[in-house]
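# Commentary on secondary and tertiary structure
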Amino acid sequence: MSTKVSDYILQRLREWDVERVFAYAGDGINGLLAAWGRADNKPQFIQSRHEEMSAFEAVGYAKFSGKVGVCAATSGPGAIHLLNGLYDAKLDHVPVVAIVGQTNRSAMGGSYQQEVDLLSLYKDVASDFCEMVTVPEQLPNVIDRAMRTAYARRTVTAIIVPADVQELDYTPPTHAFKMVPSSIGMAQYAPVPTADDLTRAAEVLNAGEKVAVLIGQGARSARAEVEQIADVLGAGVAKALLGEDALPDDLPYVTGSIGLLGTRPSYELMQECDTLLVIGSSFPYAQFLPDFDQARAVQIDIDPHMIGLRYPFEVNLVGDAKETLKALLPQLKKKKHGSWRKKIEKDTARWWEVMQRRAAVEADPINPEYVVHALDALLPHDAIIAADSGSAANWYARHLRMRGTMRGSLSGTLATMGPGVPYVIGAKFAHPERPAIALVGDGAMQMNGLGELITVAKYWQEWQDPRLVVAVLNNQDLNQVTWEMRAMSGAPQFLPSQALPDVPYADFARSIGLDGVRVEKPADVESAWHRALGSDRPFVIDFRTDPDVPPIPPHADLDQIEAAASAVLKGDSDRVGIIKQGLKAKVQEMLPGRGSGGDSGAPKGTDGK
């Protein structure tokens, strides 16, 4: 039997060590589907409920495996549906390859069914490499370049294959004019800046007295070196959201996340430092960095296109974080751990006490901060956690302390709704031996999560560790937007846009062979987590949480809170008590010089367990 183009595509993916392709069927890829049948489903075809979920699952797989995620879809609508997940990958610098069908070559330009100009459609999301295969001899070069570019530039690439081309007999490129042979594999490399640049950077860092370090996901492979440089410089370390798992939170000088969803000690670290070192991060919000005339600054990034962004850096070092820090460390002078470092550690310790008190505030019916805070102590050391966009991301960023080999992520730059559940599905295919947890709001669960529970039900028995926990913060409100309206414009909740129906999420999980429970009292929160983390199958916890618990930014002042509280009271006059107790009191705990005592116990009704 002859080898078809579709057969060769799957063969080349196997040679690139691609084990899974997250996809959805359609007649635009019928040739590929037939090839999958001939190839005994290798690489494994993972069927989602929607092409966007296929892309998100490929992103989650890539984020948690370090390998390229591959997704596939049919022509026209299938290719269009991939785009949101692909943009999520592009903006978070995640390697993903999309393989999409197209109408037959003979129909192109004829306004044919499902004909979309995919080269134009994909030229932005796959701007580094997007090619259409029109003859078999373009392979293997197109596949190799798509894979290699995705790896090398940590980005999205796309291969478009017309339906009739998939059915052609494969013929390789020959040793001839205008033929492009290719070879497989990706060389490993770790660039290091020049000696002069390293010396200049050392001079800046040695001169500083109050050094702050900001790390992102680019520092993940340099954990030991980041710990060493923080020790040498007597620095505190803040983390961008995508770098939450780059350094453990049980180190006393790690101040946690930074930005609107960040912590107070991270905010103060940046406000008071005189020197800033940024490692592997493109954190975009300059207002959370030092004032431009306040700190001398050094940046380390492997991507020369991302260097010099966000802040007027005095020295820009282009290089691999681990190797660059190794080369830089011998030139640094060890600083005494004086008042600066002591203040950082004191502020950080107090912050975690504040988080415990905030979680202990009563709410109606359950404080969402308590839900996530209770999970923190129960997390398995090897857990993989994904948070969805929305107020759930606030509690993920502020209440969960990364430690051991834990991994965590979310949609950092696109901040799109709905990747939480597909992320952990991708994570389970990357690490079937590890437990995975998704923290999602009810809006995201209704948008994407419910459908992807069916995907979980289809595949979970393949996983070595069956634990996949979906925690739904069910407050019947698109809560992050509600609070943004209140805080930014003093507007009350606009119910036609914000109110969500109450859905029996746990009941639905049980109806398809999973397990789940609905939790409506604080006393049942911890037992629900224990039950889910000990389950022999994927588990959904439907937490009924209070929409009036605010995701307060770390730089909030009382004027902003008064405006937000007034907006709440306009639309929810029956909640005067909880607003007065929960909103104003909790913000005062976060503001400098306000509140240091208080009950550190669990919410009433939990018996302190």
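Residues numbered from 1 in each chain as written. Predicted model: local features only at pLDDT ≥ 70, side-chain atom pairs only at ≥ 80, totals over all residues. Heavy atoms only, no water.

## Side note on the packing of helix α3 (residues 51–65) against helix α16 (residues 420–430)
In helix packing, the relevant descriptors are the interaxial angle and the interaxial distance, both defined with respect to the helix axes. Two numbers describe how α3 lies on α16: the axes approach to 7 Å, and their chain directions differ by 50°. The angle between α3 and α16 falls in the class oblique. Note that α3 runs across α16; the crossing there is right-handed. Touching Met53, Phe56, Glu57, Val59, Gly60, Tyr61, Lys63, Phe64 and Ser65 of α3 are Pro422, Tyr423, Ile425, Gly426, Ala427, Phe429 and Ala430, all from α16. (Axes fitted to C-alpha atoms, helices over the stretch in contact; angles between N-to-C directions. Helix = DSSP H or I, 4+ residues; strand = E, 2+ residues; numbered from the N terminus. Parallel < 35°, antiparallel > 145°, perpendicular 65-115°, else oblique. Left-handed = near helix turned anticlockwise from the far one by under 90°. Contact = heavy atoms within 4.5 Å.)

## Section: the side chain of Thr482
Mapping Thr482 onto the fold places it in helix α18 (residues 479–489). At 2.8 Å, the side chain of Thr482 forms a polar contact with the side chain of Asp477. Filtering out sequence-adjacent residues up to four positions away, Thr482 remains in contact with Asp477, Gln493 and Gln498. (Polar contact = N/O pair within 3.5 Å; in protein donor to acceptor, adjacent residues only side chain to side chain.)

## Remarks on the environment of Val519
Counting through the fold element by element, Val519 comes out in strand β17 (residues 515–519). For Val519, a relative accessible area of 1% puts it in the buried group. Residues Val519 and Ile366 lie 153 residues apart in sequence; the distance between their C-alpha atoms is 8.8 Å. Each residue touching Val519, except ones within four places of it in the same chain, is listed here: Ile366, Asp524, Val525, Ala528, Ile541, Asp542, Phe543 and Arg544. (Buried < 20%, exposed > 50% of the residue type's maximum accessible area, 1.4 Å probe, protein only.)

## Quick look at the sheet that holds strand β16 (residues 468–474)
Taken in spatial order, the six strands line up as β14-β13-β15-β16-β18-β17 in an open sheet, and their pairing is parallel. In the strand order of this sheet, the two ends are held by β14 (407–409) and β17, each with one partner. Across this sheet, the average inter-strand angle for adjacent strands is 15°, counted without regard to direction. Bridge count between strand β13 (residues 384–387) and β14: three bridges; the pairing is parallel. Looking across to β14, one finds that Ile385 is bridged to Gly408. Against the sheet, α16 touches β13, β15 (436–441) and β16, its axis set at about 170° to β15. (Pairing = 2+ DSSP bridges.)

## Describing the pattern of salt bridges
Opposite charge on two side chains makes pairing possible when the charged atoms of those side chains draw close. For the coordinates displayed, the defined rule picks out 33 salt bridges. One salt bridge connects Asp124 with Lys90, and the closest N-O pair in it is separated by 3.6 Å. Of this pair, Asp124 sits in the loop between α6 (118–121) and β5 (130–132) while Lys90 is found in helix α5 (residues 83–91), placing the two residues 34 residues apart along the sequence. Connected through shared salt-bridge partners, Arg264, Glu268, Glu272, Lys343 and Asp347 make up one network. (Salt bridge = Lys/Arg side-chain N within 4 Å of Asp/Glu carboxyl O.)

## Describing unusual backbone geometry
Looking along the chain, the bond that leaves Lys42 and enters Pro43 is cis, with omega of 0°. Of note, Pro43 is situated in the loop between α2 (30–38) and β2 (44–47). In the segment running from Leu139 into Pro140, the intervening peptide bond is cis, with an omega of 10°. Note that Pro140 resides in the loop between β5 and α7 (141–153). In this model, Asp40 sits at a positive phi of 60°, which is unusual for a non-glycine residue. Here Asp40 is to be found in the loop between α2 and β2. We note that Arg310 has phi near 80°; this positive angle belongs to a residue other than glycine. Classification of Arg310 by relative accessible area gives partly exposed; the value is 34%.

## A look at the packing of helix α14 (residues 368–376) against helix α21 (residues 525–533)
As a packed pair, α14 and α21 sit with axes 9 Å apart at the nearest point and diverge in direction by 50°. Our classification of the angle between α14 and α21 gives oblique. Crossing geometry of α14 relative to α21 is assigned as right-handed. Residues Tyr370, Val371, Ala374 and Leu375 of α14 touch α21, and the partners they reach there are Val525, Glu526, Trp529 and Leu533.

## Digging into the sheet that holds strand β6 (residues 156–162)
On the basis of which strands lie adjacent, the open sheet formed by six strands has the order β2-β1-β3-β4-β6-β5 and parallel pairing. Edge positions in the sheet fall to β2 and β5, since each has one partner strand and no second. Each neighbouring strand pair of the sheet contributes to a mean axis angle of 25°, computed without reference to strand direction. Sheet analysis places strand β4 (residues 96–102) next to β6, joined by seven bridges and oriented parallel. For Gly101, the partnering residue across the bridge sits in β6 and is Val161.

## Thoughts on the packing of aromatic side chains
Applying the stated criterion across every chain, the model contains 12 aromatic pairs. Centre to centre, the rings of Phe429 and Trp463 are 5.7 Å apart; their planes meet at 85°, and the pair counts as edge-to-face. Taken as a pair, Phe429 in helix α16 and Trp463 in the loop between α17 (442–459) and β16 lie far apart in primary sequence, 34 residues in all. Exposure remark for Phe429: the relative accessible area of 3% places this residue in the buried category. Three or more aromatic residues link up through ring pairs in this structure, and these residues are Phe22, Tyr61, Phe429, Tyr459 and Trp463. In this structure, Arg401 is placed above the aromatic ring of Trp352, and the distance from its NZ or CZ to the ring centre is 4.8 Å. (Phe/Tyr/Trp six-rings, centres within 6.5 Å; stacked < 30°, edge-to-face > 60°. Lys NZ or Arg CZ within 6 Å of the ring centre and 35° of its normal.)

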